[in-house]
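In case you want the letters, here they are:
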Amino acid sequence: MPEERKRSISDVIERIGYGPAQIVTCFLVNGSWLADGCELLVLSSINTILATEWSLSPLQKGLLLSSVYVGVLFGSLISGWVGDTMGRRKAVLMCFPLIAILSAASAWASGFWMLLPLRFFVGFGFGLGQPSAVAILMEISPTRHRPINQAFAQIAFAIGEVYCCMVIWLDDPSMKHLNWRMLLLANTAPAILFWLLSSLYLKESPVFAAASGNLQEAHDTLHEMRRLNGKEDVNIDFERTSESSPQGRLSQLPAGRSVALCIVCFCYNLNIYGAFTAFPQLVPRLMHSESESAVLELAKGACLEIPGDLIGLLFAFSLPRKWVLYVYFVGTAISSVLFASGTEQGLTLGFYGNKLFPQMGSVSLFVLAAESFETRIRATGTALALGVGRLGACLAPVVYEFMSNSFGTYQAFFHMSTILLILCLIFTAAFIPETAGKMWRPTESTPLREDIKASHGAITDGSTTNDMACQPAC
């Protein structure tokens, strides 16, 4: 029976529920994460080939990887402005052609100084699209189902790695004589595909459209979501507001929460991308793989990330966000210690643990980061956390190479990662409020309009709603 009264747009989204409408959007925007997985693995795999072909110094070798992450950092910061002013959809659409065109140009690079800026702008493309992709996925989904979106994003990342492994295997399973130009060209295929599909089918977030005053666009998108999800009886009219379009500014972000999230994201990226740099070099040698099966070892690690995502999704539904992060911190710390032990069993358990536990934690980490900010500053806040986190990614290759050369062993990096993970656990427990089951409500310190609540309601058991306000951290 149709509902009789108008509701907030968050209430409408809750009642439309989760279904094909959200899955289609997940598929489209997660192309940026799939392309990211391709890019990271291929760069780590061809770095040694490039160093030999162009006689690169260790610093130059590290900079080729770091330049991509620096580009992601700047792209993430710009994405906040683009997403909060021009729209989430435009930010996502802009990233795909940048990735495809610049990856193709990279394949024709003739030297280090030509390739370096090209890799920077490829990273810029990733950073431009991903924060707004996170925002749009959260804004179209009922609160209880948000973790599904992030799990799909991480699975897409792992599929990108598997795609890269397949291309490497077709070229040279031993990974000793890779045709790096062909690999870079092959990496353009996913970006081109998702650019075309997103241009045709991706719609703007109805929450952003309503917040920007485009009420008809928001209504049309809600109508399409209702149709796809088979909820024709849901009334999609929502309360109107006369406020102007929200534009996020860094000065509006809650300071304490923002700093803590930035620290956790920084350490997460330093750990995971340091491992990305290390494993293509270490796994074939330390785990005693046959040369022709080296790429298969990496592929098995990439495939293990998928059950890690699914376990993380189950935990995100059944446990508070912070508890899931505690599992990630402890599990990855133990795995790093095991991998640093150098024993055969320790290397195996440590390698697979470093592939499994970060995926388990990433679902709750990115959902927590997005849930921590209200609508008018969500893309800005999410972009800041992801952007500062990418600083860890920027430094990871250089830090790994520096520590390996300085201490004469790969183990130093993994011991450092263990210490940082323990510090992250402390920061999370002390400074980051739990967001699961909570919602933003307008207050003097959060002048958010009544009809647009950042978390679209609360996690419920189907009959009750938690009305506890989620106040900004000091």
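Residues numbered from 1 in each chain as written. Predicted model: local features only at pLDDT ≥ 70, side-chain atom pairs only at ≥ 80, totals over all residues. Heavy atoms only, no water.

Peer 1: Give me the lowdown on the overall build of the protein chain, citing residues and values where you can.
Peer 2: Of regular secondary structure, the protein chain possesses 17 helices and 0 strands. Scored against the burial criterion, the 474 residues of the protein chain give a buried share of 61%. When contacts within the protein chain are restricted to residue pairs at least 6 apart in sequence, those whose partners lie at least 24 apart make up 84%. Working note: accessible area of the protein chain is about 17800 Å², and carbon and sulfur atoms make up 66% of it. (Helix = DSSP H or I, 4+ residues; strand = E, 2+ residues; numbered from the N terminus. Buried < 20%, exposed > 50% of the residue type's maximum accessible area, 1.4 Å probe, protein only. Contact = heavy atoms within 4.5 Å. Areas by Shrake-Rupley, 256 points an atom, 1.4 Å probe, with all protein chains shown as cover.)

Peer 1: Any details on the packing of helix α7 (residues 146-171) against helix α13 (residues 294-318)? Residues and values, ideally.
Peer 2: The description of two helices packed together rests on the angle between their axes and the distance between the axes. Contact geometry for α7 and α13: axes closest at 9 Å, N-to-C directions at 175°. Here α13 runs roughly antiparallel to α7, going by the angle between their axes. A per-class count over the contact of α7 with α13 returns 21 nonpolar, 1 polar and 3 charged. (Axes fitted to C-alpha atoms, helices over the stretch in contact; angles between N-to-C directions. Parallel < 35°, antiparallel > 145°, perpendicular 65-115°, else oblique. Nonpolar A, V, L, I, M, F, W, Y, C, P; charged D, E, K, R; others polar.)

Peer 1: Give me the pattern of salt bridges: which residues, what numbers.
Peer 2: Scanning the entire structure with this criterion turns up 9 salt bridges. Across the salt bridge formed by Glu139 and Arg88, the nearest N and O atoms sit 2.5 Å from each other. Of this pair, Glu139 sits in helix α6 (residues 112-139) while Arg88 sits in helix α5 (residues 88-106), and the two are 51 residues apart along the sequence. Here the two residues Glu139 and Arg88 agree in accessibility, since each one is buried. Residues participating in the shared-partner salt-bridge network are Asp84, Arg88 and Glu139. (Salt bridge = Lys/Arg side-chain N within 4 Å of Asp/Glu carboxyl O.)

Peer 1: Any chance you could break down the environment of Ser198 for me, citing the residues and the numbers?
Peer 2: Relative to the helices and strands, Ser198 is located in helix α9 (residues 188-201). Taking the C-alpha atoms as reference points, Ser198 and Arg89, 109 residues apart in sequence, are found 8.8 Å from one another.

Peer 1: I'd love a proper account of the packing of aromatic side chains, names of residues and values included.
Peer 2: The geometry of an aromatic ring pair is captured by two quantities: the separation of the ring centres and the angle between the planes. Counting across every chain of the model gives 22 aromatic pairs. One aromatic cluster is present, built from ring pairs that chain together Phe279, Phe339, Phe351, Tyr352, Tyr400, Tyr410, Phe413 and Phe414. The ring of Phe276 has Lys355 lying over it, and the distance from NZ or CZ to the ring centre is 4.8 Å. (Phe/Tyr/Trp six-rings, centres within 6.5 Å; stacked < 30°, edge-to-face > 60°. Lys NZ or Arg CZ within 6 Å of the ring centre and 35° of its normal.)

Peer 1: Could you give me a rundown of the environment of Ala156, with the residues and numbers involved?
Peer 2: Its location among the elements puts Ala156 in helix α7. The class of Ala156 is buried, set by a relative accessible area of 9%. C-alpha separation for the pair Ala156 and Ser32, spaced 124 residues apart in sequence, amounts to 8.6 Å. Among residues more than four places away in sequence, those in contact with Ala156 are Asn30, Trp33 and Leu34.

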